[in-house]
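Examination of the molecular architecture
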Amino acid sequence: MRKATKVFCMLAGIACLFYAEPRASSMPSPQAADSSPFDKMLTDRNIWGEDAFQAFASLDRWKDAGESSILVFTDKIVGGSKFEKPEQGRERAAAMARTMNRPHLRLSPEFATSYKAALSRKTPALQAESIRFMEDDSYRVQWKREGAEFLKKQLTMRAVVAAYGAPEKTTTEVVQALGDRRPAVLTISAYAGGMVKFVQSDLSPDPNMVDRVVLDVPAAVALIQASH
Amino acid sequence: MNTIRSRSNGHLVAAVVLCSVSFGSGCGKLFVRDIATDALDPSNLADTEPSIAVNPEHPRHIAIVTFSENWSAAKGAPVWKSSDSGKTWTKVFQVVQPTPGEFGPGDQKLDFDANGRIYVAELASGGGGINDYVYRQTGGPDAPLTPGASYGNDQPHLSVDRSSSSPLKGHLYSPWLDFSQPLERSTVAASSNEGIAMSSVGAGDNSSFPNRTTRSAAAPDGKIYIIYKTREGTGGAPAGFENAHFHVNRSDDGGLTWTGLGASGISVHGATQVQTYFTTSFGNLAKGKVARARSSDAWIAVNQENGDVHAAYVQRDASGFAQIYVARSTDQGATWTSARASDGTHNSAYPEIAVTKRGVVGLLFVDYDDAGAVTLFRHHFARSFDHGSSWDDDVLQTMNPGPLSNASSGFLWGDYEGLTAAKNTFYGVFTGESSGRTVLQLDPVFFRQKSCRWWWLGCWLEDDD
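Before going further, it helps to spend a moment on the overall build of chain B. Check the secondary structure of chain B and you find two helices and 31 strands. Scaling as 2.2 N^0.38, a compact globule of 465 residues should have a C-alpha radius of gyration of about 23 Å, and chain B matches this with 22 Å. Along the longest, intermediate and shortest principal axes, the C-alpha atoms of chain B span 85 × 50 × 50 Å. The burial tally for chain B puts 56% of its 465 residues in the buried class. At a minimum sequence separation of 6, the contacts of chain B that also span at least 24 residues come to 56%.

See the structure below:
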């Protein structure tokens, strides 16, 4: 090969690399592809009340307490960990209560902007407490504040599908309690690789409504927190 | 000669016509109907754990509750009603939310009093816990029902004393399971004023073992019976089974005390333990959906004519299968004679028992056949014309719940279903595969059958109760 041809090929190769690099970087990574609807969902005011954003800005407390998921209802947020004994729930709640006065997460710019109004509201602090979770008779930790709205009331699965498309996966779960009262039959619609799950319960006054949303806590913290 | 032959032919024709008419009129024939329609059940709800009651004043009037629509602040939960012996049905949304924030129906059971007024026992759950209520009729038959005092906890049942010979006519009794005890206790709430006030009294013996599966029946002399089991561990029992005794006890004072048959009652199968179900996997999980069977192993009924007590229970026996046994007491529960009612070939559970006026015993139960590729569940209705010594068994329906989208594995038809008797007819309801629906699903299926054989003349002359 002549020297001039070699130089041409080398320059062409470099040019191709420069051309290709921005194209490659514009392709979302698998993780980014998964988290994109999650990202959007976590700031969606059609799904959440303003109180949810205050709670999301403090999700690190759940993570630090060892909770891998939370259940967001209209009026409360409940930890995913189930305890058999009340004292176990009380211990977890007490540990979490000690963290409730910590400043909230340093948010990534996108979430800082989206949550700004919610975080600037003057509201009483959320209370961490142990509860008996009626659905399965387990003891759990919940966050609550009188009058708070976390999940939007009257949110239907139809509205979720209209906004985000069909769920990636839909499953049914029968939740047995200690006794033999009617069990809850949950219909679980998963999005974003299962990081967010919209749950309908046949025990709800209107089973078409979303009863709760289950969030993957570490994934949500990773998304919301700036330092991550 | 010709005249004689002609007369013989005439008799033959008459006999054939008579037989045809009797068959055609359905004397003693089993009537089975899916009571849901696309119009009545537009949301394709599962309609599980059904219960049934028949108005003693107007036996063509039948009421059923199932897990259908839930109540809300704005609208009641439904009672399915028929006024033509079960041929056609409507939904009357009359079970209102008892207090704001309480969800339901949870468990439920219904009954009528002697005057044809309906009562419904309901479990409601909310932020504060679990409450039971007995709803009563304070307006027209289809007007919203009025909840009484809150009481109780798990799985409330209901029996109304409606016998004209009873000194406690009008009293009602609601067994429930008390989970606040270290060992759960069968408890009965009684009311002398239609559920406006309820008084709960511990009725089961939980001194050594927790109780479960509490069912009740009122006798014509004002006595009230319960059957319950003591859960005595799983030692030696196969997976999904536990050791137990099924006890019957009696209250002779309107539910104030439960010592009519001693502190813990009488074991209907004697001193020896039996093995019964305690599982969320009734069926074969490897071959399809399964059902919960934890409080699905006992029922009790009283003959309203002579006071005989009949108890049905589950016992895994030498056949290797869980079987339905029926015990009978002719001395107010003091002694019992027990015999197997199912055929010893398949695992069986979910017994409900009833007795008609002429003393025929009816038994509703479920078994399953997993010999093929999928598990087939079969609802049986058996009748005994000889006090439980032998049984005529009909399969009401064979169902593979696999394709039924609203059939949830782990809770298929519920913990119990419905069977009752009015005069000489059995009335029942089970949750089975739909028929005539756009979407194949679980629906409440009603059935009725007279307690006679087709060749009994009296059967033909009876009203269609």
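Our focus in this paragraph is the overall build of chain A. Scanning chain A from terminus to terminus reveals eight helices and eight strands. The buried share of chain A, reckoned over its 228 residues, is 37%. Relative to all contacts within chain A whose residues are 6 or more apart in sequence, the contacts with residues 24 or more apart total 65%.

Residues and elements named next belong to chain B. The four strands lie next to each other as E21-E22-E23-E24, forming an open sheet whose pairing is antiparallel. One side of each edge strand has no neighbouring strand; the edge strands of this open sheet are strand E21 (298–302) and strand E24 (337–340). Between one strand axis and the next, the sheet turns through 25 degrees on average, direction left out of account. Pairing analysis gives four bridges linking strand E23 (residues 322–329) to E24, with the strands arranged antiparallel. Bridge assignment links Val326 to a residue of E24, and that residue is Ala339.

Let's shift gears to the interface of chain A and chain B. Counting residues at the interface gives 15 residues for chain A, matched by 23 residues for chain B. Classifying every residue of the side of chain A that touches chain B by side-chain character gives seven nonpolar, four polar and four charged.

Turning to the environment of B:Asn303, a few remarks are in order. Residue and element names in this part refer to chain B. Following the sequence through the fold, Asn303 ends up in the loop between E21 and strand E22 (309–316). Considering only alpha carbons, one finds Asn303 and Val361, 58 residues apart in sequence, at a separation of 8.8 Å. Apart from the residues within four sequence positions on either side, Asn303 is in contact with Asp308, Val355 and Gly359.

Let's shift gears to helix H8 (residues 217–224) of chain A. Each α-helix winds once per 3.6 residues, and so residues spaced three or four apart point in a common direction. The buried fraction of H8(A) amounts to six of the eight residues, a majority that puts the element mostly inside the structure. Those residues of H8(A) that fall on the buried side of the exposure criterion are A:Val217, A:Ala219, A:Ala220, A:Val221, A:Leu223 and A:Ile224.

The nonpolar side chains of a soluble globular protein tend to be buried with one another. Membership of the largest hydrophobic core comes to 171 residues, with the highest contact counts inside it found for A:Ala220, A:Ile224, B:Val120, B:Ala311 and B:Leu363. For B:Val120, the residues in contact, after removing those within four places along its chain, are B:Val65, B:Val79, B:Val95, B:Gln108, B:Leu110, B:Tyr135 and B:Leu145.

This paragraph deals with the pairing of E23(B). Two faces belong to every sheet, and in a regular strand the side chains alternate between them. Residues and elements named next belong to chain B. With eight of eight residues buried, E23 is to be regarded as a mostly interior element. Bridge analysis of E22 against E23 gives eight bridges, and the strand direction is antiparallel. Bridging from a neighbouring strand, Gln315 pairs with Gln323 of E23. The loop that links E22 with its antiparallel partner E23 comprises five residues; one of these, Gly320, has a positive phi angle of about 90 degrees.

Right, let's talk about the sheet that holds strand E7 (residues 118–126) of chain B for a bit. All names here are of chain B. Taken in spatial order, the four strands of this open sheet run E6-E7-E8-E9, and their pairing is antiparallel. Of all the strands in the sheet, just strand E6 (108–112) and strand E9 (146–147) have a single pairing partner and so form its edges. Relative to E9, strand E8 (residues 129–136) runs antiparallel, the two being bridged by two bridges. Paired with Tyr135 across the two strands is Pro147, which belongs to E9.

Here chain A averages 86 in pLDDT, while 84% of its residues score no lower than 70. Below a pLDDT of 50 lies the segment residues 5–34 of chain A, which in the model reaches five contacts outside its immediate sequence neighbourhood of four places, other chains included.

All names here are of chain B. Examined against the element boundaries, Ala407 turns out to sit in the loop between strand E28 (392–399) and strand E29 (418–422). When the 26 C-beta atoms within 10 Å are taken as the criterion, Ala407 is described as buried. Considered as a pair, Ala407 and Leu45 are 362 residues apart in the sequence and their alpha carbons are 9.5 Å apart. Sequence-distant contacts of Ala407, that is, excluding residues within four places in its chain, are made with Ala46, Lys289, Pro401, Leu412 and Leu442.

What follows concerns the environment of B:Ala341. All names here are of chain B. In this fold, Ala341 is placed in the loop between E24 and strand E25 (348–355). Spatially, the C-alpha atoms of Ala341 and Thr214 are 21 Å apart, while their sequence positions differ by 127 residues. Not counting residues within four places of it along the chain, the set of residues in contact with Ala341 comprises Ile324, Tyr325, Val326, Leu363, Ala382, Gly388 and Trp391.

Moving on to the pairing of E21(B). All names here are of chain B. Burial analysis of E21 places five of its five residues in the buried class, the great majority of the element. Where burial is concerned, the two faces of E21 agree: the one with Ala298, Ile300 and Val302 and the one with Trp299 and Ala301 are both buried. Alignment of E21 against E22, held across five bridges, turns out to be antiparallel. Bridge assignment links Ile300 to a residue of E22, and that residue is Ala311.

This part covers unusual backbone geometry. Leave glycine aside and you will find that most residues have negative phi; peptide bonds, for their part, are mostly trans. With an omega dihedral of 0 degrees, the bond running from B:Gly104 to B:Pro105 counts as a cis peptide bond. Relative to the helices and strands, B:Pro105 is located in the loop between strand E5 (90–95) and E6. Even without being glycine, A:Gln154 reaches a positive phi, approximately 65 degrees. Mapped onto the secondary structure, A:Gln154 falls in the loop between strand E4 (138–144) and helix H7 (157–164). A residue is classified by how many C-beta atoms lie within 10 Å of it, and A:Gln154, with 10 of them, is exposed. Its identity as a non-glycine residue notwithstanding, B:Lys423 has a phi of 50 degrees, on the positive side. Residue position: B:Lys423 is located in the loop between E29 and strand E30 (425–433).

This part is about helix H6 (residues 109–119) of chain A. Residue and element names in this part refer to chain A. When we look at burial in H6, the residues that qualify are Phe111, Ser114 and Tyr115. One face of H6 carries all of its buried residues, which in axial projection span an arc of 80 degrees. Exposed side chains of H6 directed beyond 90 degrees from the buried face belong to Pro109, Thr113, Lys116 and Ala117. Buried-residue contacts for H6 involve helix H3 (50–56) and H8.

Conventions we followed
Residues numbered from 1 in each chain as written. Chains lettered and ligands numbered in written order. Predicted model: local features only at pLDDT ≥ 70, side-chain atom pairs only at ≥ 80, totals over all residues. Helix = DSSP H or I, 4+ residues; strand = E, 2+ residues; numbered from the N terminus. Rg over C-alpha atoms; globule rule 2.2 N^0.38 Å. Buried ≥ 20, exposed ≤ 12 C-beta atoms within 10 Å, placed from the backbone. Contact = placed C-beta atoms within 7 Å. Pairing = 2+ DSSP bridges. Axes fitted to C-alpha atoms, helices over the stretch in contact; angles between N-to-C directions. Nonpolar A, V, L, I, M, F, W, Y, C, P; charged D, E, K, R; others polar. Core = buried A, V, L, I, M, F, W, Y, C linked by C-beta atoms within 7 Å. pLDDT = per-residue confidence, 0-100. Arc of directions from axis to C-beta.

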